[in-house]
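# Descriptive analysis of the structure
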Amino acid sequence: VQLQASGGGLVQAGGSLRLSCAASGRTFSSYGMGWFRQAPGKERDFVADISRNGGSTYYADSVKGRFTISRDNAKNTVYLQMNSLKPEDTAVYYCAARVGYTRVSVASYESWGQGTQLTVSS
């Protein structure tokens, strides 16, 4: 599966934004999907994950209650709705397909998209 993330931009603290990740190929619904983020000089960190049918989601503590991951298998797209944004959310956001067991581990994912930049101003 090939992934293309979009929707990033510049937003003020407290604002909202929705990221999209479009997948090509017929096997999108076979994968759990995850969002990660990477700030300059830092490691790529887990943000959120959703199961193949969307029935199960998991979030990093830092975004729980503010971010919502969802998916539309008919559109081959996974979303990340981000509310109450903070300057510390500034990063490049990546989507990826989960092939491993551990939802929070980078090593469990493949087919990383190119990333989309989110900048939150204070």
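Everything that follows concerns the structure shown earlier in this document.
Residues numbered from 1 in each chain as written. Predicted model: local features only at pLDDT ≥ 70, side-chain atom pairs only at ≥ 80, totals over all residues. Heavy atoms only, no water.

Now for the pattern of salt bridges. In total, this model carries five salt bridges according to the counting rule given. Across the salt bridge formed by aspartate 49 and arginine 98, the nearest N and O atoms sit 2.7 Å from each other. Of this pair, aspartate 49 sits in strand S5 (residues 44–50) while arginine 98 sits in strand S9 (residues 91–98), and the two are 49 residues apart along the sequence. Looking at aspartate 49, the relative accessible area reads 0%, which means it is buried. The partner of aspartate 89 in a salt bridge is arginine 66, and the shortest N-O contact between them spans 2.8 Å. Within this pair, whereas aspartate 89 is found in the loop between strand S8 (77–82) and S9, its partner arginine 66 is found in the loop between strand S6 (57–59) and strand S7 (67–72), the two being separated by 23 residues in sequence. The same class applies to aspartate 89 as to arginine 66, namely buried. Here the salt bridges share partners, and the residues they tie into one network are Arg37, Arg66 and Asp89. (Salt bridge = Lys/Arg side-chain N within 4 Å of Asp/Glu carboxyl O. Helix = DSSP H or I, 4+ residues; strand = E, 2+ residues; numbered from the N terminus. Buried < 20%, exposed > 50% of the residue type's maximum accessible area, 1.4 Å probe, protein only.)

Quick look at the environment of alanine 74 now. When you line up the elements, alanine 74 lands in the loop between S7 and S8. Taking C-alpha positions, alanine 74 is 8.7 Å from serine 29, a pair spaced 45 residues apart along the chain.

Below, the discussion takes up the nonpolar core. Across soluble globular proteins, nonpolar side chains have a tendency to be buried as a group. Ranked by size, the top nonpolar core spans 32 residues in total, and within it Met33, Trp35, Leu80 and Tyr93 carry the most contacts. No other element matches S9, which puts five residues into this core. When neighbours within four sequence positions are excluded, methionine 33 is seen to be in contact with Leu3, Cys21, Phe28, Ala48, Asp49, Ile50, Ile69, Arg71, Val78, Ala96, Ala97 and Tyr109. (Core = buried A, V, L, I, M, F, W, Y, C linked by side-chain atoms within 4.5 Å. Contact = heavy atoms within 4.5 Å.)

Take the pairing of S7 next. Every regular strand shows the same layout, with side chains that alternate between the two sheet faces. Burial of the side chains of S7 is restricted to one face: Phe67, Ile69 and Arg71 are buried, whereas none of Thr68, Ser70 and Asp72 on the reverse face is. Here S7 pairs with S8 via six bridges, running antiparallel. Residue pairing in the sheet places serine 70 in a bridge with tyrosine 79 of S8. As consecutive antiparallel partners, S7 and S8 are separated by four residues, and within that stretch asparagine 76 has a phi angle of approximately 55°, a positive value. (Pairing = 2+ DSSP bridges.)

A word on unusual backbone geometry. Positive phi, close to 55°, is recorded for asparagine 76, a residue that is not glycine. Summarising the element assignment, asparagine 76 is placed in the loop between S7 and S8. Judged by relative accessible area, which is 19%, asparagine 76 ranks as buried. Phi is positive for serine 84, close to 50°, though the residue is something other than glycine. For serine 84, the position within the fold is in the loop between S8 and S9. The class for serine 84 is partly exposed, based on a relative accessible area of 41%.

As enumerated under the stated definition, the model contains six aromatic pairs in all. Plain terms: the ring middles of phenylalanine 36 and phenylalanine 46 are 5.6 Å apart, the flat faces sit at 75° to each other, and that makes the pair edge-to-face. Here phenylalanine 46 lies in strand S5 and phenylalanine 36 lies in strand S4 (residues 32–38), a separation of 10 residues in the sequence. Comparing phenylalanine 36 with phenylalanine 46, the two get one shared label, buried. Ring centres 5.1 Å apart and planes at 70° place the aromatic pair phenylalanine 36 and tryptophan 112 in the edge-to-face group. Of this pair, phenylalanine 36 sits in strand S4 while tryptophan 112 sits in the loop between strand S10 (109–110) and strand S11 (116–121), and the two are 76 residues apart along the sequence. The exposure class assigned to phenylalanine 36 is buried, which follows from its relative accessible area of 0%. Counting every residue linked through ring pairs, the aromatic cluster contains Phe36, Phe46, Tyr58, Tyr94, Tyr109 and Trp112. The side chain of arginine 44 reaches across the aromatic face of tryptophan 112, ending 4.8 Å from its centre. Sitting above the plane of the phenylalanine 28 ring, arginine 71 keeps its charged end 4.4 Å from the centroid. (Phe/Tyr/Trp six-rings, centres within 6.5 Å; stacked < 30°, edge-to-face > 60°. Lys NZ or Arg CZ within 6 Å of the ring centre and 35° of its normal.)

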